[in-house]
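# Per-entry structural report
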Amino acid sequence: MEKVELYVIRHGKTMFNALQRAQGWCDTPLTEQGAQMIHYLGLGLKETDFVEAVSSDSGRAIETMRIVLGEHSDGNKIPYSIDNRIREWCWGSLEGGYDSEMWGVLPRVLNFKDSEEMWETNISFEKIAEAVKDADTANWAEDFETIKNRVLSGFEDIAHRVQKKGGGKAVIVSHGFTIAFLLNLIDETQPVRVDLQNGSVTRLTYDENGNFSIEEVGSTNFIEEGKKISKNLLA
């Protein structure tokens, strides 16, 4: 049996990403530049032998996957499904506000002077989930255990499904904070991070005992490869 390998992509850059606004369960389309970057990513991945494709149910993730599969040599043959468990965290009433406002509110909820002091303490995902829940006046945000269970079960089910088929590679489109959270669930030394680039690829393997291993985090190599391919096509 082939090993199970997940290529987990952060969706392309959206309008709210460009405007630096909080975007969890709310959604905006990819910008023209964001879509172009995903076209490059798709070209860089076009010969990768994927046995399955899964995206979150957010429009930006679906749009990203559509472009990736559209560039792939066998894109129309790869089974594609949507899973709402791998969507982004919900920021509740903070949705749509400027990032700086959200990361200004959450440290104060947790009794830090500012976000700089909060990051210096190696804040945990659990504490951030608690702070979002406390700050959310709409009562939409999920508690930590709910987020943990949905994210972990979502990715585990995808990996297990690929394993049952005999292994191979799956391409997955998810979201920045969700991917960072998954990495921390796999390896608790992985930090809370907000620096995963749009279109970056995080590679995970999944063994016969049901354990994930982190192979690569936030790689933009496939985008760069796609740019070279595009340049050669135009030459």
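Residues numbered from 1 in each chain as written. Predicted model: local features only at pLDDT ≥ 70, side-chain atom pairs only at ≥ 80, totals over all residues. Heavy atoms only, no water.

### Considering the environment of Glu-88
Its location among the elements puts Glu-88 in the loop between strand S3 (80–82) and helix H4 (99–109). Between the alpha carbons of Glu-88 and Ile-123 there is a distance of 19 Å; along the sequence they are 35 residues apart. Residues contacting Glu-88, with those up to four places away along its chain left out, are Gln-23, Gly-24, Trp-25, Arg-60, Arg-150, His-175, Gly-176, Phe-177 and Thr-178. Here the side chain of Glu-88 touches Phe-177 through a polar contact of 3.1 Å, landing on its backbone nitrogen. (Helix = DSSP H or I, 4+ residues; strand = E, 2+ residues; numbered from the N terminus. Contact = heavy atoms within 4.5 Å. Polar contact = N/O pair within 3.5 Å; in protein donor to acceptor, adjacent residues only side chain to side chain.)

### What to know about the nonpolar core
Across soluble globular proteins, nonpolar side chains have a tendency to be buried as a group. Of all hydrophobic cores here, the largest spans 43 residues; its most connected members are Leu-6, Trp-89, Leu-106, Ile-128 and Phe-155. Contributing elements (two or more residues each) for this core: strand S1 (4–10), H4, helix H6 (125–135), helix H7 (144–164), strand S4 (168–174), helix H8 (176–186) and strand S5 (201–206). Considering every element that reaches this core, the biggest residue donor is H7, with 7 residues. Discounting residues that sit within four places of it in the chain, Leu-6 has contacts with Phe-155, Ile-158, Ala-159, Ala-170, Ile-172, Thr-202, Arg-203, Leu-204 and Phe-212. In this structure, Leu-41, Phe-50, Leu-69 and Ile-223 belong to the second largest nonpolar core, which totals 20 residues. (Core = buried A, V, L, I, M, F, W, Y, C linked by side-chain atoms within 4.5 Å. Buried < 20%, exposed > 50% of the residue type's maximum accessible area, 1.4 Å probe, protein only.)

### Details of the packing of H4 against H6
Interhelical geometry of H4 versus H6 gives an angle of 100 degrees and a closest axis separation of 9 Å. The angle between the axes of H4 and H6 places the two elements in the roughly perpendicular class. Where H4 abuts H6, its residues Trp-103, Val-105, Leu-106 and Val-109 lie against Ile-128, Ala-131, Val-132, Asp-134 and Ala-135. Counted by class, the contact of H4 with H6 contains 8 nonpolar, no polar and 1 charged residues. (Axes fitted to C-alpha atoms, helices over the stretch in contact; angles between N-to-C directions. Parallel < 35°, antiparallel > 145°, perpendicular 65-115°, else oblique. Nonpolar A, V, L, I, M, F, W, Y, C, P; charged D, E, K, R; others polar.)

### Quick look at the packing of aromatic side chains
Scanning all chains against the criterion turns up 14 aromatic pairs. A ring pair is formed by Tyr-7 and Phe-50, whose centres lie 5.3 Å apart and whose planes are at 85 degrees; its orientation type is edge-to-face. Linking Tyr-7 in strand S1 with Phe-50 in strand S2 (residues 50–55), this pair joins segments that are 43 residues apart in sequence. Accessibility assignment for this pair places Tyr-7 and Phe-50 in one class, buried. Aromatic pair Trp-89 and Phe-125: ring centres 6.0 Å apart, planes at 55 degrees, arrangement tilted. Note that Trp-89 is positioned in the loop between S3 and H4 and Phe-125 in helix H6, a separation of 36 residues in sequence. Of the two residues examined, Trp-89 and Phe-125, each falls in the buried class. An aromatic cluster is built from Trp-89, Trp-91, Trp-103, Trp-119, Phe-125, Phe-144, Phe-177 and Phe-181, whose rings are joined through pairwise contacts. Above the face of the Tyr-98 ring, Arg-21 is positioned so that its terminal group lies 3.9 Å from the ring centre. Over the face of the ring belonging to Trp-25 we find Arg-87, whose NZ or CZ atom lies 4.4 Å from the ring centre. (Phe/Tyr/Trp six-rings, centres within 6.5 Å; stacked < 30°, edge-to-face > 60°. Lys NZ or Arg CZ within 6 Å of the ring centre and 35° of its normal.)

Coordinates in, geometry out; function isn't part of it.
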